[in-house]
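# Inside the fold
Here are the chains, one letter per residue:
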Amino acid sequence: MALPTFEKKRLIGLIAILSFGVTSLSAVLSFGVLGPAAFILGFFVLIPLVVLLGDDFPLVGAEEPTEESVSAAKDDPLATLRERYATGEIGEEEFERKLDRLLETEELTGGVEDGPTRDQERELEFD
């Protein structure tokens, strides 16, 4: 069974609330050292670990993409294609095929690339 993952801020809040709750409950029910131990473990051990380790902490998941990065990716089809290839969503053959189609449509719409064309890049690779 896989561990659940949380956003970093959400995990810090969860640890703080649980630590405070266990501390308060143990104070009301007079459980002795459980209250101070929960407070020290939560606020002085777990929260600093989450802050310092960030995404490397086992319960911290990847950050949600910001609106800027999402809108930028939607505006640039080449960036979207590269991202899909990098994440393994599409294979190399499909990436090449879609890249060629994308470059062909750019040429038809009058888009000008600053660098060499795809055919020129392939020629350079074989030289």
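Scroll up to find the structure.
Notes on the structure follow. (Residues numbered from 1 in each chain as written. Predicted model: local features only at pLDDT ≥ 70, side-chain atom pairs only at ≥ 80, totals over all residues. Heavy atoms only, no water.)

## Digging into the packing of aromatic side chains
Spelled out, the test is: Aromatic rings from Phe, Tyr and Trp, with only the six-membered ring used for Trp, were paired whenever their centres fell within 6.5 Å, and each pair was classed as stacked if the ring planes differed by under 30 degrees, edge-to-face if by over 60, and tilted otherwise. Secondary structure elements are taken from DSSP: a helix is a run of H or I of four residues or more, a strand is a run of E of two residues or more, and numbering for both begins at the N terminus. The classification of residues rests on relative accessible area computed with a 1.4 Å probe and restricted to protein chains. Under 20% of the type maximum is buried, over 50% is exposed, and intermediate values are partly exposed.
A complete count under the given rule lists three aromatic pairs for this structure. Residues phenylalanine 39 and phenylalanine 43 carry aromatic rings whose centres are separated by 4.8 Å and whose planes lie at 35° to one another, so their mutual orientation is tilted. One end of the pair, phenylalanine 39, and the other, phenylalanine 43, are both in helix H2 (residues 34-53), four residues apart, so they sit about a helical turn from each other. Here tyrosine 85 and phenylalanine 95 contribute two aromatic rings whose centre-to-centre distance is 4.5 Å and whose plane-to-plane angle is 20°, an arrangement assigned as stacked. Of this pair, tyrosine 85 sits in helix H4 (residues 77-86) while phenylalanine 95 sits in helix H5 (residues 92-108), and the two are ten residues apart along the sequence. Residue classification places tyrosine 85 among the partly exposed positions, given a relative accessible area of 34%.

## A few points about the nonpolar core
For clarity, the threshold we go by: Buried Ala, Val, Leu, Ile, Met, Phe, Trp, Tyr and Cys residues form a nonpolar core when they are joined through side-chain atoms within 4.5 Å. By the convention used here, residues are in contact when the closest approach between their heavy atoms is within 4.5 Å.
Ranked by size, the top nonpolar core spans seven residues in total: Leu78, Leu81, Ile90, Phe95, Leu99, Leu102 and Leu103. Mapped onto this core, the elements with two or more residues apiece are H4 and H5. With four residues, the top contributor of residues to this core is H5. Setting aside residues up to four positions removed in sequence, leucine 78 forms contacts with Leu99 and Leu102.

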